[in-house]
Amino acid sequence: MDILNFGAFGSSPGQAIFAVSLALVLATIFVGSRLWVVALVAAGLGWTFGAPWWAWSVLVPPFAVMLLPPLRRALLSDRILHLMRASGFLPAISETERAAIAAGTVWLDGQLFSGMPDLKALASAGYPDLTPEEQAFLDGPVARVCAMTDDWRVHEERDLPKEVWDFLKREKFFGMIIGKEYGGLGLSASANSAVVTKLTSRSMPLAITVMVPNSLGPAELLSHYGTDAQKQRWLPALATGAEIPCFALTEPGAGSDAGAINATGVVFRGEDGTLMVRLSWNKRYITLAAVSTVLGLAFQLHDPENLLGKGPFPGITCALIPTKTPGVVLGRRHDPMGVPFYNCPTNGKDVVVPLEEAIIGGAAGAGRGWQMLMECLAAGRGISLPATATGGTQLVARAVGAYAAVRQQFGLPIGRFEGIEEPLARIAGNAYLLEAARRYVCGALDEGQKPAVVTAIAKYNTTELWRAVVNDGMDVMGGAAISRGPRNLIANAYTGTPICITVEGANILTRTLMIFGQGAIRCHPYAYREIDAIARNDARAFDRAFWPHVGHVIRNGVRTLLLGLTRGHLFRSPVRGAARQYWRRLNWASAEFALLADVAMGTLGGDLKRKEKLTGRFADWFSWMFLASAALRRFEAEGRNPEDLPLLRHSLETAFTRMQGAREGLFANLRLPVLGRALALPGGLWARINPFGTGADDGVTHQAARTLLQPGSQRDRLTQRIFVPQDPSSALGRLEHALRLCSDAEPVLKKLKDAVRQGRLPKARPEQLLDQALDSGIVTEAELELVHSAEAARGEAIAVDSFTLEEYMRRAGSHADELAGAR
């Protein structure tokens, strides 16, 4: 008898109630919800109204198994747990990996990873403005130090001018993150980021010099973990620049794998009974080391006599070492791509310091260094480098847009050629997107979140997008971009972007190991609980995580099917208007991502960790979902400005196209145990037939590019975070001056072209017809002067630098002498 043929139950009301009970039991099994309460009531009613007795034999056994945890564990969960432990199905997690995964918090990344994101939460996340005091600092000291700094001079002289160093110290730039109670500025994450953004638009060495003391290093570590005595000793001096800090983490054998550091510190008792530490290290790539007065150091602490009571190997520890301490070796510099900020090696041999004074947090901080570093990086990755990328991108957008509007070929500004419009649109769209991501992430940090996966997404993607923006800018400006000199605004950015790609976790490994590697465990609603339960052989905890996980997969499978068939329209958007379609697509992309991630994790297990091509594609999909949500949040936060629609559309069509690329790559390459490439044909075919996105169309590209070519509020808003000099003799000021004049002269030139078409003037270049047009009354004296001024400004704006042979060789010789002296 077919038990699903409910007509066989007779005509009693128990028939329908039994069906409901069975459905609820299945939901209880697969969803792990509280539906068993409803099922009990339904079962009672079914019995009362006469459901067949044999029918309950179908319902009761699975219901009892799933309803009674001891029975469920004994019959199912314990067996599954034993199988997973015996097979080594899930990856073993080291203590350093466990600390990294546990560091920080899960924010909206958890929503996107879940497959069922709360779109209202994404659309209303914090998007704070600066306080009046913070804005005053940005408009005052930050703007002044930008005006004081000539990036070409900095690169030629290989250092910031002394007056700039003095100004930075006097205005407490090195104490932006230090609390006011210790003499610092106490800026928010948003303000810290805004400062770095603006400084980068003027000079990368200036920005790096300021950002490093305000990111991972002594000030931040002391603020969070230092003893009261350490805070009083160091923080006021760090805030005023009386002490210059650096932090030494990287070693020849420990780069992205920072947990592999070999620097050592040995605890011993001094002659007077005081606990001391004897340190030795060999570090490299340490910013500000050569000019530092206090060196933060990460090292492996050894305590052979167990004087601290934490065993012979307490673990990674952080300490502060005055650089005048005997045994500390400084004074050499690396040359990172010719960008003249202090980046240096440092060594130490048998450096002896008092333990309680040196170790951050005193004796209680011994062995806690890795936790400190991971917690600080969980927030810090979202500030400095995303701000650098945003400032650099906005500078390129403003400079390249002005150049494309001023530079003419074939009688037209080059920005009007469709071939040029494509890179201009990418630059404009990325400028909109990067500012959105910067504000979105900083909003979370200002609320006290430390979203480690989100900040890794921000660091990786913003720096990669900046690299793409600089390359597009180089292509548009052509010869003007490759000819170095004081007029060139983007050559130094071109050489400097690889630095941001490399530091704070190389991008290649950030993508594969952190965004998805950590994200799959940290952001998944159940994975970490399951892994932890398996590691501890905790059957109860495993049971509580595993069955809801099964329901989670089934739910996302149903959502993926329904959302895919309707292209997201089955569920409501949290907003109305033009952005509504994108919220629906984001919901759909999240559901399918979560399902496919669970399929990969559930079939490949620990092997997925080693399949970095797959995890990289998952990371791309996850990243672009987050970036899309940032762009959508910006559009909402800024009042759905209609002018910004082309930028929003370009950003989001790019985002969904990048998700689509990752999606197709996963279906094509995901090989499952037993099933092999069973998903490749149906999944890949469905993905191509029903794509998330296919890129911005030509109309959107044209509109996005136009935002960079016309002076006005939209262009100013798109590049609002950068320093724009008012001096028309400066590199950017010269372009701005030419853009304004050429824009003002455009109606006059149109008059001349119309007169040519009407036969009132002969065919010639407009600027060659000015005198004749004046004589004919077509233009006025003032209009003639405006065009002459515009043409003169145009010529100045597109001019490139050149040097006499003596000047060129003198510059080359001075750099060679400097490098020879360093060997």
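Residues numbered from 1 in each chain as written. Predicted model: local features only at pLDDT ≥ 70, side-chain atom pairs only at ≥ 80, totals over all residues. Heavy atoms only, no water.

Draft legend 1. Quick look at the overall build of the chain. Scanning the chain from N- to C-terminus turns up 34 helices and nine strands. Taking 823 residues into account, the globule formula puts the C-alpha radius of gyration at 28 Å, and the chain, at 31 Å, falls close to it. Overall, the chain is about 105 × 90 × 45 Å in size when its C-alpha atoms are taken along their principal axes. Counting over 823 residues, the chain shows a buried share of 54%. At a minimum sequence separation of 6, the contacts of the chain that also span at least 24 residues come to 76%. If you sum the accessible surface of the chain, you get close to 34,000 Å²; carbon and sulfur atoms cover 57% of it. (Helix = DSSP H or I, 4+ residues; strand = E, 2+ residues; numbered from the N terminus. Rg over C-alpha atoms; globule rule 2.2 N^0.38 Å. Buried < 20%, exposed > 50% of the residue type's maximum accessible area, 1.4 Å probe, protein only. Contact = heavy atoms within 4.5 Å. Areas by Shrake-Rupley, 256 points an atom, 1.4 Å probe, with all protein chains shown as cover.)

Draft legend 2. Inspection of a negative patch on the surface at higher detail. Together, Glu-418, Glu-422, Asp-697 and Asp-698 make up a region of like negative charge exposed at the surface. By the element assignment, Glu-422 lies in helix 18 (residues 418-446). (Patch = residues over 30% accessible without salt bridge, like charges linked within 9 Å, V, L, I, M, F, W, Y side chains within 5 Å. Salt bridge = Lys/Arg side-chain N within 4 Å of Asp/Glu carboxyl O. Lys, Arg positive; Asp, Glu negative; His and termini not counted. Charge placed at Lys NZ, Arg CZ, Asp CG, Glu CD.)

Draft legend 3. Focus on unusual backbone geometry. Positive phi is not limited to glycine here, since Tyr-285 has a value of about 60 degrees. The residue Tyr-285 is located in strand 3 (residues 275-287) in this model. Located in the positive-phi region is Asn-537, a residue other than glycine, with phi close to 55 degrees. Residue position: Asn-537 is located in the loop between helix 23 (527-536) and helix 24 (539-566).

Draft legend 4. Spatial organisation of the nonpolar core. The biggest cluster of nonpolar side chains holds 197 residues, and the ones touching the most others in it are Trp-621, Phe-622 and Met-659. Ranked by the residues each element gives to this core, the list is headed by helix 18, at 15 residues. Dropping the residues within four chain positions of it, Trp-621 is found in contact with Ala-589, Glu-592, Phe-593, Leu-596, Met-659, Ala-662, Arg-663, Leu-666 and Phe-692. If you look at the next biggest cluster of nonpolar residues, it comprises 30 residues, including Ile-178, Leu-235, Ile-261 and Leu-320. (Core = buried A, V, L, I, M, F, W, Y, C linked by side-chain atoms within 4.5 Å.)

Draft legend 5. Summary view of a nonpolar patch on the surface. Residues Ile-554, Val-558, Leu-561, Leu-562, Leu-565, Leu-570 and Trp-686 make up a contiguous nonpolar surface patch of about 630 Å² in total accessible area. If you tally residues by element for the nonpolar patch, the top one is helix 24, at five residues. With respect to the helices, strands and loops of the structure, Leu-561 is situated in helix 24. Judged by its relative accessible area of 52%, Leu-561 is exposed.

Draft legend 6. How the structure looks around the confidence of the model for the chain. Overall, the predicted model of the chain reaches an average pLDDT of 89, with 90% of residues at or above 70. Overall, residues 14-18 carries pLDDT values under 50, and its contacts beyond four positions in sequence, including any with other chains, amount to 18 contacts. Confidence drops under a pLDDT of 50 for residues 24-38, and excluding neighbours within four residues, the segment shows 25 contacts in the predicted structure. (pLDDT = per-residue confidence, 0-100.)

Draft legend 7. Up close: the side chain of Arg-158. Looking at where Arg-158 falls in the secondary structure, it is placed in the loop between helix 9 (151-157) and helix 10 (162-170). In this structure the side chain of Arg-158 is engaged in a polar contact, spanning 3.1 Å, whose partner is the side chain of Asp-335. (Polar contact = N/O pair within 3.5 Å; in protein donor to acceptor, adjacent residues only side chain to side chain.)

Draft legend 8. Structural detail: the pairing of strand 7 (residues 343-354). Inspection of the sheet shows strand 3 paired to strand 7 by nine bridges, in the antiparallel sense. Residue pairing across strands places Met-276 opposite Pro-354, the latter belonging to strand 7. (Pairing = 2+ DSSP bridges.)

Draft legend 9. Spotlight on the packing of aromatic side chains. As enumerated under the stated definition, the model contains 22 aromatic pairs in all. Both rings, one in Trp-152 and one in Phe-803, keep their centres 6.2 Å apart while their planes meet at 20 degrees; by these two values the pair is stacked. Placement of Trp-152 in helix 9 and of Phe-803 in the loop between helix 33 (781-798) and helix 34 (805-822) is noted, with a sequence separation of 651 residues between them. For the pair Tyr-582 and Phe-656, a centre-to-centre distance of 6.4 Å together with 15 degrees between the ring planes defines the contact as stacked. Here Tyr-582, found in helix 25 (residues 580-604), pairs with Phe-656, found in helix 27 (residues 645-669); they are 74 residues apart in sequence, far enough to count as distant. Judged by relative accessible area, Phe-656 falls into the buried class, the value being 0%. The structure contains a cluster of three or more aromatic residues connected by ring pairs, namely Phe-113, Phe-516, Trp-588, Phe-593, Phe-618, Trp-621, Phe-622 and Phe-692. Above the plane of the ring of Tyr-342 lies Arg-333, whose end atom (NZ or CZ) is 4.1 Å from the centre. Positioned above the aromatic ring of Phe-656, the side-chain terminus of Arg-585 is 5.0 Å from the ring centre. (Phe/Tyr/Trp six-rings, centres within 6.5 Å; stacked < 30°, edge-to-face > 60°. Lys NZ or Arg CZ within 6 Å of the ring centre and 35° of its normal.)

Draft legend 10. Main features of the side chain of Thr-707. Tracing the chain through its elements places Thr-707 in helix 29 (residues 698-709). Thr-707 sits in the buried class, given a relative accessible area of 5%. There is a polar contact of 2.6 Å between the side chain of Thr-707 and the backbone oxygen of Ala-704. In contact with Thr-707, other than residues within four places in its own chain, are Ala-428, Leu-647, Gln-714, Arg-715 and Leu-718.

Draft legend 11. Structural view of the state of the cysteines. The full count for this structure, using the stated rule, is zero disulfides. Looking at Cys-318, it has no disulfide partner, and the nearest cysteine sulfur is the one in Cys-376, 8.4 Å off. Note on Cys-376: relative accessible area 1%, which makes it buried. (Disulfide = S-S within 2.5 Å.)

Draft legend 12. Local environment of the environment of Gly-338. Relative to the helices and strands, Gly-338 resides in the loop between strand 6 (328-329) and strand 7. It is 49 Å that separates the C-alpha atoms of Gly-338 and Leu-681, two residues lying 343 residues apart in sequence. Excluding residues within four positions of it along the chain, Gly-338 makes contact with His-155 and Arg-158.

Draft legend 13. Structural view of the environment of Pro-548. Following the sequence through the fold, Pro-548 ends up in helix 24. In the structure, Pro-548 is positioned 22 residues away from Tyr-526 in sequence and 7.9 Å away in space, judged by C-alpha atoms.

Draft legend 14. Just the packing of helix 17 (residues 384-406) against helix 31 (residues 731-757), in detail. Viewed as axis vectors pointing N to C, helix 17 and helix 31 meet at an angle of 45 degrees, and their least axial separation amounts to 9 Å. If you check the angle between helix 17 and helix 31, you find them oblique. The handedness of the crossing between helix 17 and helix 31 is left-handed. Of the residues in helix 31, those in contact with Leu-395, Arg-398, Ala-399, Ala-402, Tyr-403, Ala-405 and Val-406 of helix 17 are Leu-732, Leu-735, Glu-736, Ala-738, Leu-739 and Cys-742. When grouped by side-chain class, the residues that make up the contact of helix 17 with helix 31 number eleven nonpolar, no polar and two charged. (Axes fitted to C-alpha atoms, helices over the stretch in contact; angles between N-to-C directions. Parallel < 35°, antiparallel > 145°, perpendicular 65-115°, else oblique. Left-handed = near helix turned anticlockwise from the far one by under 90°. Nonpolar A, V, L, I, M, F, W, Y, C, P; charged D, E, K, R; others polar.)

Draft legend 15. Just the pattern of salt bridges, in detail. A complete count under the given rule lists 34 salt bridges for this structure. Taking the shortest distance from any N to any O, the salt bridge between Arg-153 and Glu-163 comes out at 3.5 Å. A residue pair is termed long-range when its members are at least 10 positions apart, and Arg-153 in helix 9 and Glu-163 in helix 10 qualify at ten residues. The partly exposed category is assigned to Arg-153, whose relative accessible area is 33%. You can call Glu-163 partly exposed: its relative accessible area is 39%. Each member of the salt-bridge network shares a partner with another, and the members are Arg-398, Arg-715, Asp-716 and Glu-736.

Draft legend 16. Seen up close, helix 25. Look at helix 25: 36 Å from first C-alpha to last across 25 residues, which is about the 36 Å you get at 1.5 Å a residue. Taken across its 25 residues, helix 25 has 19 buried, putting it largely inside the fold. (Expected span 1.5 Å × (residues − 1).)

Draft legend 17. Region of interest: the environment of Lys-169. Position of Lys-169 relative to the elements: it lies in helix 10. Apart from residues lying up to four places away in sequence, Lys-169 is in contact with Phe-174, Thr-240, Gly-241 and Ile-244.

Draft legend 18. Fine view of helix 16 (residues 369-380). Here helix 16 is twelve residues long and its end C-alpha atoms lie 16 Å apart, about the 16 Å a rise of 1.5 Å per residue gives. In terms of burial, helix 16 is largely enclosed, as ten of its twelve residues are buried. For helix 16, every residue scored as buried is listed here: Gly-369, Trp-370, Met-372, Leu-373, Met-374, Cys-376, Leu-377, Ala-378, Ala-379 and Gly-380.

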